[in-house]
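Structure at a glance
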Amino acid sequence: MNKLTYSYRGPLPLGSVVAHYCGAAGLTTYKEGSTWLLVGEEQATQYSLAVYENGTLQATFTGSLTNEGRLHIGGQLLRLLRTHQGLAPLGDWGTLVGVRPTKLFHKLWDQLGSAEAAVERLRTQYEVTEPKLSLLAQVTGLQRPYVVPSADSDRLVSVYGGIPFCQTHCTYCSFPYGLLQDYKRVPQFVEAFVADSEHLQSLLATYHLQLATLYVGGGTPTSLGEADFEAVITALAKLLAYSRTAEALEFTVEAGRPDSVTPYKLQTMARQGVNRISINPQSMQDSILKAIGRGHTAQAIKDLYEYVRLHTPFQVNMDFIAGLPYQQEVHMIENMDYVCQAMPENVTIHTLALKRGSPLYEGVGREAMPEEKAVQAMVAYCKERLEAAGYVPYYVYRQQYMTSQTENIGYTLPGHVCEYNIRIMEERQSILSVGPGSSSKWMRAPEYRQLQQHMPKDVSVYIDTMDTLLGKRSQLCKQFWEG
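The numbers attached to residues start from 1 for each chain and follow its sequence in the written order. Local features in this predicted model are restricted to residues of pLDDT 70 or higher, and side-chain atom pairs are both shown and tallied only at a pLDDT of 80 or more, whereas totals for entire chains, interfaces and linings draw on every residue. Hydrogens and water are ignored here; the side-chain numbers use all heavy atoms of the structure.

Side note on the pattern of salt bridges
For salt bridges, the criterion is a side-chain nitrogen of Lys or Arg within 4 Å of an Asp or Glu carboxyl oxygen. The full count for this structure, using the stated rule, is 20 salt bridges. Ionic pairing is found between E230 and R271, a salt bridge with its closest N-O pair at 3.0 Å. Here E230, found in helix α7 (residues 226-237), pairs with R271, found in helix α8 (residues 263-271); they are 41 residues apart in sequence, far enough to count as distant. Notably, a salt bridge pairs E387 with K383, separated by 3.2 Å at the nearest N-O pair. Secondary structure elements are defined from DSSP: runs of H or I of at least 4 residues count as helices, runs of E of at least 2 residues count as strands, and each element is numbered from the N terminus.

As for the sheet that holds strand β1 (residues 5-9)
In this analysis, strands are considered paired if DSSP registers two or more bridges between them. If you trace the five strands from one edge of the open sheet to the other, you get β2-β1-β3-β4-β5, paired in mixed fashion. Of all strands in the sheet, those bounded by a partner on one side alone are β2 (28-29) and β5 (56-64). Summarising the sheet, strand β3 (residues 36-42) and strand β4 (residues 46-53) pair through seven bridges and their orientation is antiparallel. When the bridges of β4 are listed, E41 appears paired with S48. Relative to β1, helix α1 (residues 12-24) is tilted by about 170 degrees, and along the sheet it contacts β1, β3 and β4. Note on contacts: a residue pair qualifies if any of its non-hydrogen atoms lie within 4.5 Å across the two residues. The axes are straight lines fitted to the C-alpha atoms, using for helices just the contacting stretch, and the angles between their N-to-C directions are given from 0 to 180°.

As for the packing of aromatic side chains
Two rings belonging to Phe, Tyr or Trp (six-membered ring only in the last case) form a pair when the distance between their centres is within 6.5 Å. Interplanar angles under 30 degrees mark stacking, angles over 60 mark edge-to-face geometry, and anything in between is tilted. Summed over the entire model, instances satisfying the criterion amount to 11 aromatic pairs. Ring plane angle 5 degrees and centroid distance 6.2 Å describe the contact between Y395 and Y397, whose orientation is recorded as stacked. According to the relative accessible area criterion, Y395 is buried, its value standing at 6%. Judged by centre distance (5.0 Å) and plane angle (90 degrees), the rings of F480 and W481 are edge-to-face. Accessibility here uses a 1.4 Å probe with only protein chains present; expressed as a share of the type maximum, an area under 20% marks a residue as buried, one over 50% as exposed, and anything in between as partly exposed. For F480, a relative accessible area of 8% translates into the label buried. Residue classification places W481 among the buried positions, given a relative accessible area of 7%. Linked through ring pairs, F165, Y183, F189 and F193 together constitute an aromatic cluster.

Considerations on unusual backbone geometry
Omega for the bond connecting G218 with G219 falls within 30 degrees of zero, at 15 degrees, which places this linkage in the cis form. With respect to the secondary-structure elements, G219 resides in the loop between β9 (210-218) and α7. Despite not being glycine, E127 has its phi angle at roughly 60 degrees, a positive value. Looking at where E127 falls in the secondary structure, it is placed in the loop between α4 (115-126) and α5 (130-147). Although it is not a glycine, Y448 sits at a positive phi angle of roughly 55 degrees. Along the chain, Y448 falls in the loop between β17 (439-442) and β18 (451-454).

A few points about helix α6 (residues 186-206)
Here the expected length of a helix is defined as 1.5 Å per residue gap, with one fewer gap than residues. With 21 residues, α6 should reach 30 Å at 1.5 Å per residue; the first-to-last C-alpha distance of 30 Å fits that figure. Along α6, the residues that are buried comprise V186, F189, V190, A192, F193, V194, D196, S197, H199, L200, L203 and L204. Within two residues after α6, H208 carries a phi angle of roughly 55 degrees, on the positive side.

Observations concerning the packing of α7 against α8
Contact geometry for α7 and α8: axes closest at 10 Å, N-to-C directions at 15 degrees. As judged from the angle between their axes, α7 and α8 are roughly parallel. As for how α7 packs across α8, the hand of that crossing is right-handed. Only Y264, K265, T268, M269 and R271 of α8 make contact with α7, whose side of the interface consists of E226, F229, E230 and I233. Within the contact of α7 with α8, the residues separate by chemical class into four nonpolar, one polar and four charged. Small angles under 35 degrees read as roughly parallel and large ones over 145 as roughly antiparallel, with 65 to 115 read as roughly perpendicular and the rest as oblique. Note: crossing handedness is left-handed where the near helix turns anticlockwise from the far helix by less than a right angle, and right-handed where it turns clockwise. Ten residues, namely Ala, Val, Leu, Ile, Met, Phe, Trp, Tyr, Cys and Pro, are considered nonpolar, four, namely Asp, Glu, Lys and Arg, are considered charged, and the remaining ones, Gly among them, are considered polar.

Examining the packing of α5 against helix α13 (residues 419-426)
Following both chains from N to C, one finds α5 and α13 inclined at 85 degrees, their axes separated by 10 Å at the closest point. Between α5 and α13, the crossing angle belongs to the class labelled roughly perpendicular. Between α5, through L142, Q143, Y146 and V147, and α13, the contact on the second element is made entirely by E419, I422, R423 and E426. Partitioning the contact of α5 with α13 into residue classes produces four nonpolar, one polar and three charged.

Regarding the nonpolar core
Formed by 97 residues in total, the largest nonpolar core has its most connected members in F189 and Y462. No other element matches α6, which puts nine residues into this core. In this structure F189 touches I163, P164, F165, L224, P436, V459, Y462 and I463, once residues within four positions along its chain are discounted. We define a nonpolar core as any set of buried Ala, Val, Leu, Ile, Met, Phe, Trp, Tyr and Cys residues linked to one another through side-chain atoms lying within 4.5 Å. Formed by 23 residues, the second largest nonpolar core is a distinct cluster that contains Y6, W36, L80 and L90.

Examining the environment of A195
Topologically, A195 is positioned in helix α6. A195 gets classed as partly exposed once you look at its relative accessible area, which sits at 30%. Along the chain, A195 and D467 lie 272 residues apart, while their C-alpha atoms are 9.6 Å from each other.

Some words on the pairing of strand β12 (residues 315-322)
Here β12 lies mainly inside the structure; seven of its eight residues are buried. Sheet topology places strand β11 (residues 276-278) next to β12; three bridges connect them, and they run parallel. Counted as the bridge partner of R276 is Q315 from β12. In this structure, β12 lies alongside strand β13 (residues 346-351), joined through six bridges in parallel fashion. Paired with F320 across the strands is I349, a residue of β13.

Quick word on the state of the cysteines
Here, a disulfide means two cysteine sulfur atoms that sit within 2.5 Å of each other. For the coordinates displayed, the defined rule picks out zero disulfides. Not part of a disulfide, C170 finds its nearest cysteine sulfur in C173, a span of 6.1 Å. Cysteine C173 shares no disulfide, and the gap to the nearest cysteine sulfur, in C166, comes to 6.1 Å.

Considering α8
Of all the residues in α8, the buried ones are K265, L266, T268 and M269. Taken down its axis, α8 places every buried residue within 155 degrees of arc, on the same side. Tucked inside the fold, the buried residues of α8 contact α7, β10 (250-254), β11 and α10 (298-311). In the stretch just after α8, G273 is the one whose phi turns positive, near 95 degrees. Here the arc refers to the directions that run from the helix axis out to each C-beta atom.

This is the structure we're talking about:
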């Protein structure tokens, strides 16, 4: 039996908190025969949570019928679960388990009046350690000009285009709708995507909106055939007419896998105004790439990067993951040796997260994953090497079910931030979306409460219900900008 499994019975508000803190402790849900059983109750004046391990009561925690009370219970649960794994009661992030720690930092900065006050609140209330407080202060200081409201911010939007297909399914990934080669309605998908983009263009005109950034992700957008890829990129490029400035708008495309990129696709992107791409090795060891289902070699990454540098004007981001099966610190040293020689403008260091629906979440390859201390050492090494090479951290986020209580950090060479990454993480700008599985979020200062629309993940449902989806988006735009 996997010792890192749990099941929960009890009130939903407490259950939501329990899920976050169990995830932070590395536990995943398992309905039948889980090691940990958590039983919550809502009483007259308080919540209670009974914690059983293999049927034996280990502890009972209580807290008030408030968010603070639920968080108190969650913090106590986190300490218990980590201790039972032979870990320190709290990691470097203390009891802070949210996905967007910098979003909370900015909120506290707004409320308390200074970054110093925000640091003190996180130190005392959440027991965040000094290294993480320093990281948050550094990142939010760089981000602050992007998140402070301005006179035109209400009509300034970013756009995300989602292409859900890949050519293989990486073992750590839960994103793809499916494999491109298995889907029989690709022409209809392209037609629907173009119609979706044209409808969004009409909304930009109707509500006098200005475009801040444009980002195309997935899946792997470049997995589409050349003609189909050209059609969707060309449709999105028409949105550039609504750019907020006369200067080139930040237009990013994820070209994550070298086996999906051709010279023609790179030429298409250059013609349509793309100026930034992601080439995502994840690791530079062929044995690890094969184990995680990537379907390409490390040399193919090097060849693609060299071609892009020689033949395009693109800025480049590269993603790496710490905590992959069979990965050791020596592998991450090799990865950083390559990065510090290649010097892409942006580098993102992810900590492996166990995502629902991924083969790793279901147990395939989990026995080969490195332990928490090893992953922490890899992340720390990356920080040391990248900062020594001149990179600075510019966005941070965390995920549930990470293999250690660490974080994902985006690094940039000075003057080369990806603005979209800041916008999507801090949630202070409306982001409108095109494509299946994508999400639109409408928000404004000072509350930053959101209207949302989530496009269907099922591509066929997206195609077949397009008129309804576009009608709902029109209604939400009218509600938000006309009241």
